[in-house]
Every structure is written in structure tokens, then in C-alpha cells.
Amino acid sequence: MTISSKSRISLMFLPCCLLALCTPSLADPFDQLTEKMRIIEDVVSGFTDMNSTDMFILPFEPLRSYNFPCQVEPPTGEVPTSVHKLRPSDVKVIAALGDSFTAGRSAKYDNVKAILHDYRGVSWSIGGDESYSTLPTLPNILRMYNSDLHGYSKGVDNQHIGYNMAISGARTFDIIQQAYLLVQKMRLDPLVDIENDWKVLTIFIGGNDLLDTCRVIASSTEMYANNIKTTLEYLLVNLPRTFVNLVQLFNVELIRQLPRGPICSMIIRSICSCESEDEMRKMSRRREDFQAALQGIVDSGRFDRRDDFTVVLQPFLSRHPAAPQGQEQQ
């Protein structure tokens, strides 16, 4: 499976960088734009009035056709009682917590205004648009085993969020609120048996915390770890029969590889707090501290003492540095 080269790194990190300004409102986490988001909207509108807007256009390229590489075993009819015997066909519900990478902000980037929209249906961990053959997301993989999978998001923004509770611009201190909203929503859902249905929950958060490294408001590694642990403790008590994917942080320093035209440079300087070599090294050390904190949380065994709940650290993003310009990663 091919990962984008440098031009697509720009596609990934420009919206993330812009949204570092945006702190979600807990009072209305999905519909209320903050003042900073309105500022971004004004800036974006200004870009589209310029004659040089072509420099902001990166067409969305549909994925090629994928053949499913695994043998699909039919459900046995016997539901396991241990998470350690869980099979893909046993998963009934899928959910996700996180920031813009899970919300799908600008995932179908065709012009600069796309940074104002969450393309939740194509989110890698929770999006359920199309099918595996054209969009190999985690839900579309699991749907190969269970066509009745429930909870994936579809479409754009809040058309059908399912259990995609991610909010663009979120930091780790927002994640407990997302977890609370998730549990409450599941308890009210007549299609979910919260006590008996097996669930897969993906948590991917921390990029915006890292982008705050050179700001006064930056959270410490201890605060970051405590926010994650508090969220997992809440889920342990309130969400039985759950397999949690805790996704390791990626190399946010890739922001330095964004294109450096005059307007883009202005945006990066105004929004992303670290620019100098010393500041980027500080961000790199902080990322390593955050990664070690996540590893420590999982290695503690605190969340692997029950048969119906576990937390697994997924390290794949931390192991893939950016491809040099003009090259691709496999």
C-alpha cells in the first residue's frame, strides 16, 4: 500500500497546522466554531479571491482498486468471552477518539476551502464510505467479516458521524470529554448492547499538543500521560468488551517539509509555534517523551487485567519517516 510523497505530506500537515489554533468547545463540540476557526475561515476566503489560488490546489486522487488479501472466515456463532480470543467477525461496533486526523479534516483536499471540512467518511480508522476495494479503512476491512458492523462515520462533517467522536483541533485534555460522549451515545443506541457487543476503539491524539511545544500553554509530558490514563480508566469502567487501539504519535516535525511559498510560510509562522532549529529539536525531544509515556502506559499492564478489555499500542506511524521528495514509501 503506497503512502504519499512530499506533496501529500503537505496535504496532511497544512490542515493540522492551521487547526492547531482551534480549541473545541465542550459545550457544543460538533457545531460551534471558535473565534479562531472563524479567523481561519476568513483567511481561507481571502486565499480563494487571489489570482494565485492554483498554488493551493492539490486534487484528491481516488485510490486504486484493492483486492482483499485475507481469507474471510464465516462467523462461528460462538461469541468469545475473552478479548484475547477476539476475531474480526466478532466485532459488532467500531468507534474512534481523536483530532483532525481521525475527524478526516481536509482528507479530500481539492482546494484550500477543504480545510474547513471534516471528511469523516474517509477517515482511516473510522470512515465507512465506499468499500474495501476502493477505500481500505479499518471499518471497511472489518465489514469484509461482518457486514452489520455499526458505528463507522460517513460523508462530510456531521452528516453521519456514527461513533467518530474526534474533533478537529483537539488536544489530549479534550479526550475524556469525547470518551464520555461516546459512552453516553452508545447507552442510548438501540442497536448497541453495550455490555455484550464487542467493540474496537481507536484513540489517536497528541499532534496538536506537540504543535503547542513553543507556546506558553504547552502541556507537560506528565499532563499528556495523565489525560490518556484518565480516559482509559473511564473506558475500562464504562465500556466492557472493548479492544482499544492506542496509536503511537508520528513525526510532527515533518511540518518543516511543507511548501515554503510566501503565503504558506506566513500561515506556518503564525500558527505553528516552533520554527528555529533549536525549537524543532525541542519538539522532537517532546515527541519522544510523549511516545515513551504511551509505551509506559501500555507496558504497566493496568489495562490488561480483565478478559473483556485491553489496550494495544500501535506503533506503525512512529516507524515511518517521511519519504524524500519524489520518492514513495511502501
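Residues numbered from 1 in each chain as written. Predicted model: local features only at pLDDT ≥ 70, side-chain atom pairs only at ≥ 80, totals over all residues. Heavy atoms only, no water.

A.B. asks: I keep staring at the packing of helix 5 (residues 175-188) against helix 7 (residues 221-238) and nothing clicks. Help me out?
C.D. replies: Geometrically, a packed helix pair is captured by the angle between its two axes and the distance between the axes. One can describe the packing of helix 5 onto helix 7 by two numbers: an axis separation of 9 Å at closest approach and a directional angle of 15 degrees. Taken together, the axis directions place helix 5 and helix 7 in an arrangement best described as roughly parallel. Judged by the twist between their axes, the crossing of helix 5 over helix 7 is right-handed. Contacts between helix 5 and helix 7 involve Ile175, Ile176, Ala179, Tyr180, Val183, Gln184 and Arg187 from the former and Asn227, Thr230, Thr231, Tyr234, Leu235 and Asn238 from the latter. Here the residues of the contact of helix 5 with helix 7 are counted per class, giving seven nonpolar, five polar and one charged. (Axes fitted to C-alpha atoms, helices over the stretch in contact; angles between N-to-C directions. Helix = DSSP H or I, 4+ residues; strand = E, 2+ residues; numbered from the N terminus. Parallel < 35°, antiparallel > 145°, perpendicular 65-115°, else oblique. Left-handed = near helix turned anticlockwise from the far one by under 90°. Contact = heavy atoms within 4.5 Å. Nonpolar A, V, L, I, M, F, W, Y, C, P; charged D, E, K, R; others polar.)

A.B. asks: Help me understand the packing of aromatic side chains in this model?
C.D. replies: Note on aromatic pairs: each is described by the distance of the centres and the angle between the planes. Tallied over the full model, the rule gives nine aromatic pairs. Consider the rings of Phe204 and Phe250, whose centres lie 5.7 Å apart with planes at 65 degrees: the pair is edge-to-face. Within this pair, whereas Phe204 is found in strand 2 (residues 198-204), its partner Phe250 is found in the loop between strand 3 (242-247) and helix 8 (262-271), the two being separated by 46 residues in sequence. Accessibility classification places Phe204 together with Phe250 in one group, the buried group. By the ring-pair criterion, three or more aromatic residues cluster together here, those being Phe101, Trp124, Phe204, Phe250 and Phe316. The ring of Tyr152 carries Arg143 above its face, with NZ or CZ at 4.5 Å from the centroid. Directly above the aromatic system of Phe303 lies the positively charged group of Arg302, at a separation of 5.7 Å from the ring centroid. (Phe/Tyr/Trp six-rings, centres within 6.5 Å; stacked < 30°, edge-to-face > 60°. Buried < 20%, exposed > 50% of the residue type's maximum accessible area, 1.4 Å probe, protein only. Lys NZ or Arg CZ within 6 Å of the ring centre and 35° of its normal.)

A.B. asks: So what exactly am I meant to see when it comes to the sheet that holds strand 3 here?
C.D. replies: Either a parallel or an antiparallel arrangement is found when strands of a sheet pair, and the pairing is made through backbone hydrogen bonds. One open sheet accounts for four strands, arranged 1-2-3-4; its pairing is parallel. Since the sheet does not close on itself, it has two edges, and those belong to strand 1 (91-98) and strand 4 (309-314), each with one partner. Mean inter-strand twist for the sheet, computed between neighbouring axes without regard to direction, equals 20 degrees. Direction of pairing for strand 1 relative to strand 2: parallel, over a ladder of seven bridges. Bridge pairing links Val93 to Lys199 in strand 2. Along the sheet, helix 9 (residues 277-299) makes contact with strand 3 and strand 4, crossing strand 4 at roughly 150 degrees. (Pairing = 2+ DSSP bridges.)

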